[in-house]
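Survey of secondary and tertiary structure
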Amino acid sequence: SDAPQRTLPLHCLQISSFTNRSWSRTDGSTWLGDVQIHTWSHDSDIIRYLKPWAGGTFTDQQWEQLQHLFRVYRSSFSRDMQEFARIVQADYPFELQLFAGCEVHPGSIPESFIHVAFQGSSIVHFQGTSWVAVPDAPQWVGKILQVLNHDLGTRATVQWLLNDTCPQFARGVFEAGKSELEKQVKPEAWLTGARTPGSDHLLLVCHVSGFYPKPAWAMWMWGGQEHPDTQQGDTVPNTDGTWYLRVTLDVAAEQAAGLACRVNHSSLGDQDIILHWGEKDLV
Ligand code: EMG
(Lines give C-alpha, C1' and ligand atoms only; values in the text may rest on other atoms or scores of the structure.)
Protein backbone atom coordinates (compact mmCIF):
# COMPACT_ATOMS: atom_id res chain seq x y z
CA SER A 1 0.00 0.00 0.00
CA ASP A 2 3.08 2.28 0.32
CA ALA A 3 3.95 1.52 -3.30
CA PRO A 4 4.25 4.70 -5.40
CA GLN A 5 0.83 5.59 -6.75
CA ARG A 6 0.84 6.05 -10.50
CA THR A 7 -1.43 8.87 -11.69
CA LEU A 8 -1.91 10.79 -14.89
CA PRO A 9 -1.58 14.52 -15.62
CA LEU A 10 -4.78 16.60 -15.46
CA HIS A 11 -4.97 19.24 -18.18
CA CYS A 12 -7.50 22.06 -18.76
CA LEU A 13 -7.67 23.75 -22.16
CA GLN A 14 -9.46 27.03 -22.76
CA ILE A 15 -9.91 28.67 -26.15
CA SER A 16 -11.27 32.21 -26.26
CA SER A 17 -11.97 33.94 -29.56
CA PHE A 18 -12.47 37.69 -29.60
CA THR A 19 -14.19 38.85 -32.78
CA ASN A 20 -14.73 42.51 -31.97
CA ARG A 21 -15.12 44.80 -28.96
CA SER A 22 -18.45 43.30 -27.95
CA TRP A 23 -18.30 39.71 -29.10
CA SER A 24 -16.26 36.74 -27.85
CA ARG A 25 -16.69 33.08 -27.06
CA THR A 26 -14.90 30.74 -24.64
CA ASP A 27 -14.84 26.95 -24.79
CA GLY A 28 -13.05 24.55 -22.47
CA SER A 29 -12.12 20.92 -21.99
CA THR A 30 -10.41 18.81 -19.33
CA TRP A 31 -8.20 15.81 -19.95
CA LEU A 32 -6.76 13.08 -17.75
CA GLY A 33 -3.79 11.80 -19.74
CA ASP A 34 -5.18 11.30 -23.26
CA VAL A 35 -8.79 10.85 -22.12
CA GLN A 36 -11.13 13.84 -22.33
CA ILE A 37 -13.33 13.96 -19.23
CA HIS A 38 -15.15 17.34 -19.40
CA THR A 39 -16.39 19.68 -22.04
CA TRP A 40 -17.52 23.24 -21.44
CA SER A 41 -19.27 24.94 -24.30
CA HIS A 42 -19.69 28.68 -24.58
CA ASP A 43 -23.44 28.03 -24.94
CA SER A 44 -23.70 26.15 -21.67
CA ASP A 45 -23.73 27.19 -18.02
CA ILE A 46 -22.58 23.80 -16.88
CA ILE A 47 -19.35 21.86 -17.29
CA ARG A 48 -20.48 18.57 -18.83
CA TYR A 49 -19.12 15.16 -17.74
CA LEU A 50 -17.95 12.95 -20.60
CA LYS A 51 -17.29 10.07 -18.21
CA PRO A 52 -19.47 8.95 -15.30
CA TRP A 53 -16.41 9.20 -13.03
CA ALA A 54 -15.44 12.74 -14.14
CA GLY A 55 -16.44 14.20 -10.76
CA GLY A 56 -13.72 12.15 -9.10
CA THR A 57 -14.03 11.95 -5.35
CA PHE A 58 -15.49 15.46 -5.01
CA THR A 59 -18.89 15.71 -3.31
CA ASP A 60 -21.78 17.26 -5.27
CA GLN A 61 -21.36 20.36 -3.11
CA GLN A 62 -17.62 20.67 -3.84
CA TRP A 63 -18.29 20.25 -7.56
CA GLU A 64 -21.07 22.86 -7.46
CA GLN A 65 -18.68 25.33 -5.77
CA LEU A 66 -16.05 24.69 -8.42
CA GLN A 67 -18.59 25.18 -11.24
CA HIS A 68 -19.70 28.43 -9.64
CA LEU A 69 -16.09 29.64 -9.47
CA PHE A 70 -15.57 28.80 -13.16
CA ARG A 71 -18.83 30.53 -14.22
CA VAL A 72 -17.73 33.75 -12.46
CA TYR A 73 -14.26 33.35 -13.93
CA ARG A 74 -15.52 32.88 -17.51
CA SER A 75 -17.60 36.05 -17.58
CA SER A 76 -14.89 38.03 -15.72
CA PHE A 77 -12.32 36.76 -18.19
CA SER A 78 -14.23 37.98 -21.27
CA ARG A 79 -14.77 41.39 -19.67
CA ASP A 80 -11.16 41.79 -18.44
CA MET A 81 -9.57 40.69 -21.72
CA GLN A 82 -11.71 43.16 -23.69
CA GLU A 83 -10.46 45.84 -21.30
CA PHE A 84 -6.82 44.75 -21.77
CA ALA A 85 -7.29 44.73 -25.54
CA ARG A 86 -8.44 48.34 -25.28
CA ILE A 87 -5.45 49.31 -23.08
CA VAL A 88 -2.85 47.81 -25.44
CA GLN A 89 -4.87 48.60 -28.59
CA ALA A 90 -4.83 44.99 -29.79
CA ASP A 91 -6.23 44.32 -33.28
CA TYR A 92 -9.33 42.16 -33.75
CA PRO A 93 -9.87 39.34 -34.19
CA PHE A 94 -7.56 37.76 -31.61
CA GLU A 95 -7.37 34.43 -29.85
CA LEU A 96 -6.34 33.62 -26.28
CA GLN A 97 -5.52 30.05 -25.23
CA LEU A 98 -5.06 28.89 -21.64
CA PHE A 99 -3.36 25.64 -20.80
CA ALA A 100 -3.52 24.77 -17.11
CA GLY A 101 -3.09 21.66 -15.05
CA CYS A 102 -1.10 19.57 -12.66
CA GLU A 103 0.78 16.34 -12.36
CA VAL A 104 0.98 14.45 -9.10
CA HIS A 105 4.29 12.63 -8.64
CA PRO A 106 4.46 9.90 -6.03
CA GLY A 107 6.65 10.96 -3.13
CA SER A 108 7.21 14.57 -4.20
CA ILE A 109 5.24 17.81 -4.49
CA PRO A 110 2.75 18.20 -7.34
CA GLU A 111 3.72 20.33 -10.34
CA SER A 112 1.08 22.82 -11.47
CA PHE A 113 1.02 25.43 -14.19
CA ILE A 114 -1.04 27.97 -16.17
CA HIS A 115 0.27 29.11 -19.55
CA VAL A 116 -1.44 31.81 -21.60
CA ALA A 117 -0.95 32.24 -25.35
CA PHE A 118 -1.97 35.22 -27.52
CA GLN A 119 -2.43 34.54 -31.27
CA GLY A 120 -0.84 31.11 -30.73
CA SER A 121 2.33 32.31 -29.00
CA SER A 122 3.06 31.97 -25.31
CA ILE A 123 3.03 35.36 -23.51
CA VAL A 124 2.27 34.93 -19.80
CA HIS A 125 2.34 32.23 -17.13
CA PHE A 126 1.66 31.97 -13.43
CA GLN A 127 4.75 31.43 -11.31
CA GLY A 128 4.74 31.01 -7.53
CA THR A 129 2.41 33.81 -6.45
CA SER A 130 2.12 36.06 -9.51
CA TRP A 131 1.73 36.37 -13.27
CA VAL A 132 4.97 36.74 -15.23
CA ALA A 133 5.78 37.40 -18.88
CA VAL A 134 7.72 34.88 -20.96
CA PRO A 135 11.30 36.07 -21.67
CA ASP A 136 10.65 37.20 -25.26
CA ALA A 137 7.17 38.67 -24.67
CA PRO A 138 6.25 41.92 -26.46
CA GLN A 139 6.64 45.03 -24.37
CA TRP A 140 2.92 45.84 -24.03
CA VAL A 141 2.51 42.66 -21.92
CA GLY A 142 4.09 44.62 -19.06
CA LYS A 143 1.07 46.95 -18.88
CA ILE A 144 -1.29 43.98 -18.58
CA LEU A 145 0.84 42.34 -15.89
CA GLN A 146 0.66 45.44 -13.73
CA VAL A 147 -3.13 45.26 -13.71
CA LEU A 148 -3.28 41.47 -13.34
CA ASN A 149 -0.87 41.36 -10.42
CA HIS A 150 -2.74 44.16 -8.68
CA ASP A 151 -5.66 41.72 -8.13
CA LEU A 152 -4.55 39.93 -4.97
CA GLY A 153 -7.86 38.06 -4.67
CA THR A 154 -7.41 36.38 -8.05
CA ARG A 155 -3.75 35.59 -7.33
CA ALA A 156 -4.77 33.87 -4.08
CA THR A 157 -7.52 31.91 -5.86
CA VAL A 158 -5.17 30.82 -8.64
CA GLN A 159 -2.63 29.56 -6.06
CA TRP A 160 -5.35 27.64 -4.26
CA LEU A 161 -6.59 26.11 -7.55
CA LEU A 162 -3.08 25.13 -8.63
CA ASN A 163 -1.62 23.93 -5.34
CA ASP A 164 -4.64 22.36 -3.60
CA THR A 165 -7.67 21.88 -5.85
CA CYS A 166 -5.97 20.56 -8.96
CA PRO A 167 -3.81 17.83 -7.32
CA GLN A 168 -6.70 16.76 -5.09
CA PHE A 169 -9.06 16.60 -8.05
CA ALA A 170 -6.51 14.77 -10.25
CA ARG A 171 -5.95 12.07 -7.59
CA GLY A 172 -9.69 11.64 -7.12
CA VAL A 173 -10.52 11.37 -10.81
CA PHE A 174 -7.70 8.91 -11.38
CA GLU A 175 -8.96 6.81 -8.47
CA ALA A 176 -12.56 6.91 -9.71
CA GLY A 177 -11.68 6.15 -13.34
CA LYS A 178 -8.87 3.73 -12.64
CA SER A 179 -10.39 0.60 -14.17
CA GLU A 180 -11.20 2.40 -17.43
CA LEU A 181 -7.91 4.33 -17.54
CA GLU A 182 -5.89 1.18 -16.97
CA LYS A 183 -7.91 -0.93 -19.42
CA GLN A 184 -6.01 -2.89 -22.07
CA VAL A 185 -7.65 -3.17 -25.50
CA LYS A 186 -6.05 -5.39 -28.14
CA PRO A 187 -5.33 -4.05 -31.62
CA GLU A 188 -6.61 -5.50 -34.86
CA ALA A 189 -4.15 -5.48 -37.73
CA TRP A 190 -4.51 -5.88 -41.51
CA LEU A 191 -2.45 -5.32 -44.64
CA THR A 192 -3.17 -3.44 -47.84
CA GLY A 193 -0.95 -2.74 -50.82
CA ALA A 194 -1.15 -0.82 -54.07
CA ARG A 195 0.97 -0.59 -57.22
CA THR A 196 2.84 2.68 -57.45
CA PRO A 197 1.74 4.20 -60.80
CA GLY A 198 4.51 4.30 -63.40
CA SER A 199 6.88 1.96 -61.59
CA ASP A 200 7.17 -1.71 -60.63
CA HIS A 201 6.95 -0.80 -56.94
CA LEU A 202 4.35 -1.64 -54.33
CA LEU A 203 3.37 0.55 -51.41
CA LEU A 204 2.57 -1.84 -48.57
CA VAL A 205 0.57 -0.63 -45.59
CA CYS A 206 0.25 -2.37 -42.24
CA HIS A 207 -2.77 -1.00 -40.34
CA VAL A 208 -3.03 -1.38 -36.57
CA SER A 209 -6.23 -0.15 -34.98
CA GLY A 210 -8.44 -0.14 -31.91
CA PHE A 211 -5.77 -0.40 -29.22
CA TYR A 212 -5.45 1.27 -25.81
CA PRO A 213 -3.28 2.65 -24.24
CA LYS A 214 -1.45 4.67 -26.88
CA PRO A 215 2.06 3.20 -27.05
CA ALA A 216 2.31 0.57 -29.80
CA TRP A 217 5.04 -0.85 -32.01
CA ALA A 218 4.80 -2.09 -35.62
CA MET A 219 7.50 -2.99 -38.16
CA TRP A 220 7.82 -4.53 -41.61
CA MET A 221 10.01 -7.65 -41.32
CA TRP A 222 12.08 -9.42 -43.92
CA GLY A 223 13.86 -12.70 -43.18
CA GLY A 224 13.37 -12.22 -39.44
CA GLN A 225 14.96 -8.75 -39.56
CA GLU A 226 13.32 -5.33 -39.15
CA HIS A 227 13.11 -3.79 -42.62
CA PRO A 228 15.12 -0.53 -42.39
CA ASP A 229 12.93 1.24 -44.99
CA THR A 230 9.80 0.93 -42.80
CA GLN A 231 8.11 4.34 -42.54
CA GLN A 232 6.48 4.93 -39.15
CA GLY A 233 3.19 6.82 -39.14
CA ASP A 234 1.89 8.90 -36.24
CA THR A 235 -0.39 7.23 -33.71
CA VAL A 236 -3.73 9.01 -34.24
CA PRO A 237 -7.03 8.81 -32.34
CA ASN A 238 -10.07 6.79 -33.46
CA THR A 239 -13.43 8.31 -32.51
CA ASP A 240 -14.11 5.72 -29.79
CA GLY A 241 -11.12 6.55 -27.56
CA THR A 242 -8.83 3.90 -29.06
CA TRP A 243 -5.75 4.54 -31.26
CA TYR A 244 -4.69 3.84 -34.84
CA LEU A 245 -1.17 3.39 -36.24
CA ARG A 246 0.12 2.55 -39.70
CA VAL A 247 3.56 1.65 -40.98
CA THR A 248 4.33 1.63 -44.69
CA LEU A 249 6.99 0.16 -46.94
CA ASP A 250 7.82 0.99 -50.55
CA VAL A 251 9.34 -2.12 -52.23
CA ALA A 252 10.06 -3.50 -55.67
CA ALA A 253 7.14 -5.82 -56.54
CA GLU A 254 9.35 -8.92 -56.79
CA GLN A 255 10.65 -8.37 -53.24
CA ALA A 256 7.19 -8.30 -51.61
CA ALA A 257 6.92 -12.06 -51.13
CA GLY A 258 8.34 -13.04 -47.77
CA LEU A 259 7.56 -9.72 -46.11
CA ALA A 260 5.57 -9.63 -42.89
CA CYS A 261 4.32 -7.01 -40.49
CA ARG A 262 5.00 -7.50 -36.78
CA VAL A 263 2.91 -5.72 -34.14
CA ASN A 264 3.38 -5.41 -30.41
CA HIS A 265 1.27 -3.71 -27.76
CA SER A 266 1.01 -4.00 -23.95
CA SER A 267 -2.37 -5.80 -24.31
CA LEU A 268 -0.70 -8.60 -26.32
CA GLY A 269 1.98 -9.51 -23.78
CA ASP A 270 4.63 -11.39 -25.73
CA GLN A 271 2.07 -12.67 -28.28
CA ASP A 272 3.04 -10.37 -31.16
CA ILE A 273 0.68 -10.23 -34.14
CA ILE A 274 2.49 -11.33 -37.33
CA LEU A 275 0.82 -10.85 -40.73
CA HIS A 276 2.40 -12.22 -43.93
CA TRP A 277 2.08 -10.25 -47.14
CA GLY A 278 0.19 -12.01 -49.97
CA GLU A 279 -1.19 -11.08 -53.43
CA LYS A 280 -4.70 -11.16 -51.89
CA ASP A 281 -3.84 -7.98 -49.95
CA LEU A 282 -3.45 -5.95 -53.16
CA VAL A 283 -6.24 -3.39 -53.49
O1 EMG B 1 -12.48 34.67 -11.35
C2 EMG B 1 -11.80 20.96 -12.98
C3 EMG B 1 -12.71 20.97 -14.16
C4 EMG B 1 -12.72 22.25 -14.89
C5 EMG B 1 -13.08 22.12 -16.34
C6 EMG B 1 -13.28 23.46 -17.05
C7 EMG B 1 -12.30 23.74 -18.12
C8 EMG B 1 -12.02 25.21 -18.24
C9 EMG B 1 -10.56 25.50 -18.38
C10 EMG B 1 -10.13 26.77 -17.73
C11 EMG B 1 -8.71 26.75 -17.24
C12 EMG B 1 -8.24 28.09 -16.83
C13 EMG B 1 -7.69 28.16 -15.46
C14 EMG B 1 -7.51 29.58 -15.01
C15 EMG B 1 -8.05 29.78 -13.64
C16 EMG B 1 -8.09 31.21 -13.22
C17 EMG B 1 -9.16 31.37 -12.17
C18 EMG B 1 -9.26 32.77 -11.66
C19 EMG B 1 -10.39 32.81 -10.66
C20 EMG B 1 -10.56 34.18 -10.01
C21 EMG B 1 -11.45 35.08 -10.86
N22 EMG B 1 -11.03 36.35 -11.03
C23 EMG B 1 -11.81 37.32 -11.77
C24 EMG B 1 -12.82 37.97 -10.80
O25 EMG B 1 -12.10 38.65 -9.79
C26 EMG B 1 -12.84 39.40 -8.82
O27 EMG B 1 -13.63 38.53 -8.00
C28 EMG B 1 -12.88 37.54 -7.26
C29 EMG B 1 -13.87 36.71 -6.45
O30 EMG B 1 -14.78 36.10 -7.33
C31 EMG B 1 -11.87 38.20 -6.33
O32 EMG B 1 -12.52 38.97 -5.33
C33 EMG B 1 -10.96 39.14 -7.15
O34 EMG B 1 -10.09 39.85 -6.29
C35 EMG B 1 -11.84 40.14 -7.94
O36 EMG B 1 -11.00 40.93 -8.76
C37 EMG B 1 -10.88 38.36 -12.36
O38 EMG B 1 -11.70 39.26 -13.06
C39 EMG B 1 -9.78 37.78 -13.27
O40 EMG B 1 -9.07 38.84 -13.84
C41 EMG B 1 -10.29 36.89 -14.41
C42 EMG B 1 -9.21 36.52 -15.43
C43 EMG B 1 -7.95 35.91 -14.82
C44 EMG B 1 -7.08 35.27 -15.86
O45 EMG B 1 -7.44 34.28 -16.48
N46 EMG B 1 -5.91 35.79 -16.16
C47 EMG B 1 -5.07 35.25 -17.21
C48 EMG B 1 -4.22 36.30 -17.81
C49 EMG B 1 -4.41 36.44 -19.28
C50 EMG B 1 -3.49 37.46 -19.92
C51 EMG B 1 -3.99 37.84 -21.28
C52 EMG B 1 -3.23 38.89 -21.96
C53 EMG B 1 -3.92 39.56 -23.12
C54 EMG B 1 -3.23 39.74 -24.31
C55 EMG B 1 -3.81 40.36 -25.40
C56 EMG B 1 -5.12 40.86 -25.33
C57 EMG B 1 -5.81 40.71 -24.12
C58 EMG B 1 -5.21 40.04 -23.04
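Computed from a predicted model, the values in this text were never measured in an experiment. (Residues numbered from 1 in each chain as written. Predicted model: local features only at pLDDT ≥ 70, side-chain atom pairs only at ≥ 80, totals over all residues. Heavy atoms only, no water.)

1. Notes on unusual backbone geometry
This is how it is decided: Strands are runs of DSSP state E lasting at least 2 residues, helices are runs of H or I lasting at least 4, and numbering of each runs from the N terminus.
Cis geometry is found at the peptide bond from Tyr92 to Pro93, where omega equals -5 degrees. With respect to the helices and strands, the residue Pro93 is situated in the loop between helix 1 (60–88) and strand 5 (94–103). Backbone torsion omega between Tyr212 and Pro213 reads 0 degrees, so that peptide bond is classified as cis. Here Pro213 is to be found in the loop between strand 10 (201–211) and strand 11 (216–222). Residues other than glycine seldom take positive phi values, yet Gln89 does so here, at roughly 55 degrees.

2. A closer look at the site of the ligand
Selection rule: Think of it this way: one heavy atom of a residue within 4 Å of a molecule or strand is enough to make that residue near it. A 3.5 Å cut-off defines polar contacts: any pair of N or O atoms within that distance qualifies, except that in protein one atom must be a possible hydrogen donor and the other a possible acceptor, and neighbouring residues in sequence count only when both atoms are side-chain atoms. Under the scheme applied, nonpolar residues are Ala, Val, Leu, Ile, Met, Phe, Trp, Tyr, Cys and Pro; charged residues are Asp, Glu, Lys and Arg; polar residues are all the others, including Gly.
In the vicinity of the ligand, 32 residues are found, and the nearest of them are Thr30, Tyr73, Asp80, Asp151 and Thr154. A distance of 2.9 Å is found between a nitrogen atom of the ligand and a side-chain nitrogen or oxygen belonging to Thr154. The set of elements that each furnish at least two residues to the shell around the ligand consists of strand 1 (10–20), helix 1, strand 5, strand 6 (111–118), helix 2 (141–150) and helix 3 (152–181). Looking at which element gives the most residues to the shell around the ligand, the answer is helix 1, with eight residues. In terms of residue class, the shell around the ligand is made up of 22 nonpolar, seven polar and three charged.

3. Points about the sheet that holds strand 6
Inclusion rule: Note: two strands are recorded as paired if DSSP finds a minimum of 2 bridges between them. Residue contacts are defined here by distance: any two heavy atoms, one from each residue, within 4.5 Å place the two residues in contact. Geometry is summarised by axes, namely lines fitted to C-alpha atoms with helices restricted to the contacting stretch, and by angles between N-to-C directions that run from 0 to 180 degrees.
Read from one edge to the other, the open sheet built from eight strands follows the order 4-3-2-1-5-6-7-8, with strand pairing classed as antiparallel. In this open sheet, the two strands that pair with only one neighbour each are strand 4 (48–49) and strand 8 (130–133). Relative to strand 5, strand 1 runs antiparallel, the two sharing nine bridges. Pairing of Cys12 across the sheet is with Ala100, part of strand 5. Here helix 2 sits on the sheet in contact with strand 7 (121–127) and strand 8, set at roughly 175 degrees to strand 8.

4. Structural notes on the pattern of salt bridges
As a reminder of what qualifies: Each reported salt bridge corresponds to a side-chain nitrogen of Lys or Arg within 4 Å of a carboxyl oxygen of Asp or Glu. Using a 1.4 Å probe on the protein chains alone, a residue whose accessible area is under 20% of its type maximum counts as buried, one over 50% counts as exposed, and one in between counts as partly exposed.
A full pass over the atoms with the stated rule returns nine salt bridges. Note that Arg25 is salt-bridged to Asp27, the shortest N-O span being 2.8 Å. The exposure class of Arg25 is partly exposed, given its relative accessible area of 26%. With a closest N to O distance of 2.9 Å, Glu64 and Arg71 form a salt bridge. Note on Glu64: relative accessible area 42%, which makes it partly exposed. The structure contains a network of salt bridges with shared partners spanning Arg25, Asp27 and Asp43.

5. A word on the confidence of the model for the protein chain
Keep this limit in mind: Known as pLDDT, the predictor's confidence for each residue is given on a scale from 0 to 100.
Put simply, the protein chain has an average pLDDT of 95, and 98% of its residues get 70 or more. Taken over the whole predicted complex, pTM reads 0.91, whereas the ipTM for its chain interfaces reads 0.94.

6. Quick look at the sheet that holds strand 16 (residues 259–265)
Taken together, the four strands give an open sheet; going across it, the order is 12-11-16-17, and neighbouring strands pair in antiparallel fashion. Every other strand in the sheet has two partners, leaving strand 12 (225–226) and strand 17 (273–276) as the edge strands with one partner each.

7. Description of the packing of helix 1 against helix 2
Defined as follows: Any angle that falls under 35 degrees is termed roughly parallel, while one over 145 is termed roughly antiparallel, one within 65 to 115 roughly perpendicular, and all others oblique. With the far helix as reference, a near helix turned anticlockwise by less than a right angle produces a left-handed crossing, and one turned clockwise produces a right-handed crossing.
For the pair helix 1 and helix 2, the least separation of the axes is 10 Å and the interaxial angle reads 140 degrees. Relative to helix 2, the element helix 1 is oriented oblique. Considering only the axes of helix 1 and helix 2, their crossing is right-handed. Together, Phe84, Ile87 and Val88 of helix 1 and Lys143, Ile144, Val147 and Leu148 of helix 2 make up the contact between the two elements.

8. Brief notes about the pairing of strand 7
Inspection of the sheet shows strand 6 paired to strand 7 by four bridges, in the antiparallel sense. Pairing of Phe118 across the sheet is with Ser121, part of strand 7. Linking two consecutive strands that pair antiparallel, namely strand 6 and strand 7, is a turn of two residues; a positive phi of about 50 degrees is found at Gln119 within it. For strand 7 and strand 8, the ladder comprises four bridges, and the chain directions are antiparallel. By the bridge assignment, Gln127 is partnered in strand 8 with Ser130. Adjacent in sequence and paired antiparallel, strand 7 and strand 8 are bridged by two residues, among which Gly128 carries a positive phi angle near 70 degrees.

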